[in-house]
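Observations on the model geometry
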Amino acid sequence: MENSYNFVEVGGHILTDLVFSHEIYGEGFYRFDVEVERLSGAADALPVTVSERIIDKSTLKPGQHVLIRGQIRSYNNYVEADRKNKLVLTIFARDIEFQPQAADVNPNDVFLNGYLCKPPIYRTTPFGREIADLLVAVNRSYNKSDYIPCIAWGRNARYAGRLAVGDNIRLWGRMQSRQYQKRKDDGEVLEKTAYEVSTAKIEVVTAEDEVPAADE
């Protein structure tokens, strides 16, 4: 892992053309979406950001199968219609490997080591399933941090619901996209997409590192 605190690896096919995103100190960055199939047959459309310095822009085309390794990054995007900042997630690609054909199983693996920066929200669904929402701050270079929404289910959710702000945690899971509807003040309903890490395993990091992990 290039960064032991924040690592993601996904495999799938490119959904969209490259679109210019931004430039920093003369280095251009581009974005595109990659579709990663789940074992269930459903698929997640995940946003990817990549530097022009690690790829040939002319070679990334919709339909190509790729394996991407990098980090999950977050940034605030001001939404004029809502007049507020929205937390946006992206896979920041460190390496893109082309695959000649679709893989039998597409990887979608995430590892994070960070700190809880908001109280966990624990609840049960109308069908009685336990769920917890977490916001994890993961430090990176230059005194910056990425704020990554995570979701836990079942006994992982119960375990996460007892955690406190400031706890240092490690978690393993997958990045997923989720569709939802938002109703505006004028009654218009908008289709929105949220991105989050679905947690498979979570543990608290202590000085002795003796707290057992919770698996589902």
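The structure contained in this document is the topic of the report that follows. These numbers come from a predicted model, not from an experiment.

The rules behind these values
All residue numbers refer to position in the chain's written sequence, counted from 1. Residue-level local features of this predicted model are given only where pLDDT is at least 70; pairs of side-chain atoms are given and counted only at 80 or more, and the full residue set underlies all totals for whole chains, interfaces and linings. Side-chain figures throughout are based on the complete set of non-hydrogen atoms in the structure, without hydrogens or water. For the exposure calls, accessible area comes from a 1.4 Å probe over protein chains only, and a residue counts as buried if that area is under 20% of its type's maximum, exposed if over 50%, partly exposed in between. Strands here mean DSSP runs of E at least two residues long; helices mean DSSP runs of H or I at least four residues long; both are numbered from the N terminus. The pairing criterion is simple: DSSP has to find at least two bridges between the two strands. Note on definitions: salt bridges are taken to be side-chain nitrogens of Lys or Arg within 4 Å of carboxyl oxygens of Asp or Glu. The way it works is a 1 Å grid over only the protein atoms, where trapped points that fit a 1.4 Å probe form a cavity and open points with protein on both sides within 12 Å along at least five of seven lines form a pocket, and then any residue with an atom within 4 Å of a point lines it. Grid points are joined across faces, edges and corners, and a volume is the space filled by probe spheres set on the points. All residues other than Ala, Val, Leu, Ile, Met, Phe, Trp, Tyr, Cys, Pro, Asp, Glu, Lys and Arg, Gly among them, are scored as polar; the first ten of these are nonpolar and the last four charged. When checking whether two residues touch, look at their non-hydrogen atoms; a contact exists if any pair is within 4.5 Å.

Buried residues dominate strand E4 (residues 43-51), accounting for seven of its nine residues. Examined bridge by bridge, strand E3 (residues 27-37) and E4 share nine bridges and lie antiparallel to one another. Note on E4: the bridge partner recorded for Phe 32 is Val 48. As consecutive antiparallel partners, E3 and E4 are separated by five residues, and within that stretch Gly 41 has a phi angle of approximately 100°, a positive value.

Right, let's talk about unusual backbone geometry for a bit. Despite not being glycine, Tyr 25 shows a phi value in the positive range, around 50°. Unlike most non-glycine residues, Asn 143 shows phi in positive territory, near 60°.

Per the stated rule, a full pass over the model turns up eleven salt bridges. Across the salt bridge formed by Arg 69 and Asp 95, the nearest N and O atoms sit 3.3 Å from each other. Linking Arg 69 in strand E5 (residues 65-79) with Asp 95 in strand E6 (residues 84-99), this pair joins segments that are 26 residues apart in sequence. One salt bridge connects Glu 130 with Arg 158, and the closest N-O pair in it is separated by 2.7 Å. Of this pair, Glu 130 sits in strand E9 (residues 130-140) while Arg 158 sits in helix H1 (residues 154-161), placing them 28 residues apart in sequence.

Right, let's get into the layout of surface pockets. Looking at the second largest pocket, its volume works out to about 270 Å³. If you trace the second largest pocket, you find it lined by Glu 37, Arg 38, Leu 39, Ser 40, Ala 103, Asp 104, Val 105, Asn 106, Pro 107, Asn 108, Asp 109 and Arg 174. Partitioning the lining of the second largest pocket into residue classes produces four nonpolar, three polar and five charged.

Glancing now at the environment of Ile 96. Position of Ile 96 among the secondary structure elements: in strand E6. For the pair Ile 96 and Val 189, spaced 93 residues apart in the sequence, the C-alpha separation amounts to 37 Å. Excluding its chain neighbours within four sequence positions, the residues that come into contact with Ile 96 are Phe 32, Val 50, Ile 55, Leu 60, Val 66, Leu 67 and Ile 68.

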